Amino acid sequence: MPATTAGDRPATTASPAGAPTGLAAERVAWGVDGRLVLDGVDVTAPPGAVTGLLGPNGAGKSTLLRIVAGVQRPDGGRVLLAGGDDDGADLLAMPRRRRARTLALVEQDAGTDLPVTVLDAVLLGRTPHRSWLAGDSADDREVARGALARAGAAHLADREVTTLSGGERQRVHLARALAQQPRVLLLDEPTNHLDVAAQLATLRLVRSLADDGVTVLAALHDLTLAAGTCDHVVLLAPGRDGAGGRVVAAGPVEDVLVPAVIDPVYGVRTTVLRHPRTGRPVLAFD
Amino acid sequence: MTSAPTGTSADASTGTAAAPRATSGARRTGPWAAVGAVALLASVVLAVAVGPADLAPGDVWRSVATHLGLGDALGLAPLDRLPDAMVWQLRLPRVLTAAAVGAGLAVCGVVMQSLTRNPLADPYLLGLSSGASLGAAAVLVLGATVLLPVAAFVGATAALVATLGLAAASGRGRGIAPARTVLAGLAVGQLAAAATSFVIFWSAKGDQYREILSWLMGSVAGATWTSVAVAGGAVLVLGTALACTGSLLDAFTFGDTAAATLGVPVARVRWVLLVGVALLTGALVAQSGSIGFVGLILPHAVRLLVGARHRALLPLSALAGGTFLVWADTLARTVFEPRELPVGIVTAAIGAPVFAALLWRGRARA
Ligand SMILES: Nc1ncnc2c1ncn2[C@@H]1O[C@H](COP(=O)(O)OP(=O)(O)O)[C@@H](O)[C@H]1O
Ligand SMILES: [Mg+2]
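Residues numbered from 1 in each chain as written. Chains lettered and ligands numbered in written order. Predicted model: local features only at pLDDT ≥ 70, side-chain atom pairs only at ≥ 80, totals over all residues. Heavy atoms only, no water.

Asker: Summarise the overall build of chain B; cite the residues concerned and give the values.
Answerer: Of the regular secondary structure elements, chain B holds 14 helices and zero strands. Of the regular secondary structure in chain B, the N- to C-terminal order runs α-α-α-α-α-α-α-α-α-α-α-α-α-α. Expressed as a percentage of its 366 residues, the buried residues of chain B come to 51%. Partitioning the contacts of chain B with sequence separation of at least 6, the portion at a separation of at least 24 is 75%. Carbon and sulfur atoms make up 71% of the accessible area of chain B, which amounts to about 16,000 Å² in all. (Helix = DSSP H or I, 4+ residues; strand = E, 2+ residues; numbered from the N terminus. Buried < 20%, exposed > 50% of the residue type's maximum accessible area, 1.4 Å probe, protein only. Contact = heavy atoms within 4.5 Å. Areas by Shrake-Rupley, 256 points an atom, 1.4 Å probe, with all protein chains shown as cover.)

Structure below.
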């Protein structure tokens, strides 16, 4: 059932209803071929904030996001909503469609060969809000157009997805996720393959969504971008010598993105500088 | 030829001028559905009338009305015995079977293309037709012709199970990826084709060659009212059920993960739909032999008209596929009159160049 009760939230906004809902993944474990990829990982994403999921390649960022999104079953652990109306609700036990109305995932690279238009692609985000047999309602179209506008892609509505550039496609995927009207947004390396301007535009959008109450958990591998955008960060380290990947540090940017934490995980020497205008940390490596 | 204007800047200049085929119009579906339904109905009537023995479309109506017991009510006089038998016993079952097989194959094609996310997928891609052919060839050389539909059906289903098993096993728990499924289908198809050749080479004698060959190339020449009941019933039941899965299939547009995040029970939907496709293909192939290209070409053509959304694509492809096969079969029995071609040769003669053109277009866009 579309939970759009009157006065609750206008159909056209991407902002969620009620108080923002945070996320808590507890002791999540997942292994493959007898190798532990995630070994009891705890991640919290506070409500209405941007939480960065950091770590070297292969640390298990994508795996964790897929587990949180309910796409992949963990071998152990739980994923709960924290705060808001559904405090303590078990996301993985939730009916799929209800979960899809609560949480959206933008994958690292999702493509298609089919000739779908951008508007149709974004309308897919309305799927969990309507019956399997129903077509797009006027409401759905309005929400989809609103989501496209929000993602800065309104001018692409009639283009075919296959003809878009990487940055344009990323915006379309974001718009599709927004059309789900999620309270929690999971992003897997949303700035990959984007030029600098597009990276900043994407992160500005992410920021503004969080300011509107959407809880964001984003896997990022550029530490400086993360430092400039995130409220909190969680640093994952890949498993070594039989041990699985685990969280080495979590908390506010200023506490986690320091040489003592970063250097052993990445095997580099880090210097933390200050951005002269924003005052945010800028990281240099050697 | 689509020179994609891929400016990365966020300027909001309206990109609509460069938009190829704006296809997000649900508005256009209704008229197309009406056109498709009328075309199919008219094609059936005209195709029954075409051929030796001068029949007018009106005669076809008269015969049908008489047999349905509506002749008196509509004030239509019955046809003479001979033309009536021609319409009711020979041509109408054949044309209706062609319509049902074409419609069903097109629906199967759309579903396969969506589930494998391969726009060039075909109900036959997953080794289904090769499996069916193996079953059919086996019973034909054994002389157990009555078992042919069952054997074709069993062969198709076994091939699908083998293909999906292979694809899943090679996917190591990551689900079934499009590319792997297609490769697995190729492997299974080649194996079944080799086995079919072996069966023919080893044990076929005399007329069996012709029989098997005609079956391998597909034909509705021997269609009876039983064929109509099986093919039509399968299309009405399974085809209609599959045609109702539009928004499920839409959800697969960006892959399994995207579908899962939209609330689709991916594994269950995939298995149920693939089994549905196998059952429907098996039932159709058992009546008509393996007729290629219908499931491949027609969905493509319909996509060009109404876009890739499945709620419109599925029923319209069914109508287009039925119409197409009715005319392909009409060509098959009239171009070299009095000799008949297997209809599979006609669909291949039309389909292969179209397929090549599609590949060419795909190359130009990529
Ligand atoms: N289905 C799978 N089969 C085998 N290995 C996998 C699978 N999924 C993930 N992995 C492994 O788990 C580790 C973490 O992968 P991933 O979550 O993609 O890391 P990240 O996104 O942080 O780069 C990698 O070593 C990857 O090879
Ligand atoms: Mg990753």
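Once the structure has been displayed, the description carries forward.
Asker: Please provide a residue-by-residue account of the overall build of chain A, values included.
Answerer: Along the backbone of chain A there are nine helices and eleven strands. The C-alpha radius of gyration computed for chain A amounts to 19 Å, which stays within 12% of the reference 19 Å derived for 286 residues, consistent with globular compactness. The principal-axis extent of the C-alpha atoms belonging to chain A is close to 55 × 40 × 40 Å. Residue burial in chain A is summarised as follows: out of 286 residues, 55% are buried. (Rg over C-alpha atoms; globule rule 2.2 N^0.38 Å.)

Asker: Describe the sheet that holds strand β4 (residues 76–82) of chain A, listing the residues and the values that go with them.
Answerer: All names here are of chain A. Ordered in space as β2-β1-β4, the three strands form an open sheet in which the pairing is antiparallel. Taken across any chain shown, the strands that pair with only one partner, and hence form the sheet edges, are β2 (35–45) and β4. For this sheet the average axis-to-axis angle between neighbouring strands, irrespective of direction, equals 10°. Looking at chain direction, strand β1 (residues 22–32) and β4 are connected through six bridges and run antiparallel. (Pairing = 2+ DSSP bridges. Axes fitted to C-alpha atoms, helices over the stretch in contact; angles between N-to-C directions.)

Asker: Quick rundown of the pattern of salt bridges? Include the residues and the values.
Answerer: Any two side chains of opposite charge can pair, given that their charged atoms come close. Residues and elements named next belong to chain A. The final tally for this structure, using the stated rule, is 22 salt bridges over all chains. With a shortest N-O distance of 3.1 Å, R207 and D231 are connected by a salt bridge. You can see R207 sitting in helix α6 (residues 196–211) and its partner D231 sitting in the loop between α7 (223–229) and β8 (232–237), a full 24 residues away along the chain. (Salt bridge = Lys/Arg side-chain N within 4 Å of Asp/Glu carboxyl O.)

Asker: Help me get a handle on the environment of A352 of chain B, residues and values and all.
Answerer: All names here are of chain B. Following the sequence through the fold, A352 ends up in helix α14 (residues 343–365). In this structure A352 comes out as partly exposed when scored by relative accessible area, which is 34%. Residues A352 and A42 lie 310 residues apart in sequence; the distance between their C-alpha atoms is 26 Å. Excluding residues within four positions of it along the chain, A352 makes contact with F293 and T347.

Asker: Just give me the short version of the side chain of Q181 of chain A, but keep the residues and values in it.
Answerer: Its place among the elements puts Q181 of chain A in the loop between α5 (166–179) and β6 (184–188). Reaching out from Q181 of chain A, the side chain makes a polar contact with the side chain of R126 of chain A at a distance of 3.2 Å. (Polar contact = N/O pair within 3.5 Å; in protein donor to acceptor, adjacent residues only side chain to side chain.)

Asker: Talk me through the packing of helix α2 (residues 57–67) of chain B against helix α3 (residues 81–115) of chain B; I want residue IDs and the actual numbers.
Answerer: All names here are of chain B. Contact geometry for α2 and α3: axes closest at 9 Å, N-to-C directions at 85°. In terms of axis orientation, α2 runs roughly perpendicular to α3. Packed against α2, whose contacting residues are V60, S63, V64 and H67, the element α3 presents D84, V87, W88 and L92 at the interface. Its residues assigned to classes, the contact of α2 with α3 shows five nonpolar, two polar and one charged. (Parallel < 35°, antiparallel > 145°, perpendicular 65-115°, else oblique. Nonpolar A, V, L, I, M, F, W, Y, C, P; charged D, E, K, R; others polar.)

Asker: Hey, could you go over helix α13 (residues 310–334) of chain B for me, with residue numbers and the actual values?
Answerer: Taking 1.5 Å of rise per residue, the 25 residues of α13 of chain B would be expected to cover 36 Å, and the 35 Å separating its terminal C-alpha atoms lies within 8% of that figure. Counting buried residues in α13 of chain B gives 19 out of 25 residues, a clear majority hidden from the surface. (Expected span 1.5 Å × (residues − 1).)

Asker: Before we move on, can you summarise the environment of D42 of chain A with the specific residues and values?
Answerer: Residues and elements named next belong to chain A. Take D42: it is sitting in strand β2. Judged by its relative accessible area of 43%, D42 is partly exposed. Sequence spacing of D42 and E26 is 16 residues, and the spatial spacing of their C-alpha atoms is 4.6 Å. Setting aside its immediate chain neighbours within four residues, D42 contacts A25, E26, R27 and V247. Within the structure, the side chain of D42 is placed 2.7 Å from the backbone nitrogen of R27, a separation counted as a polar contact.

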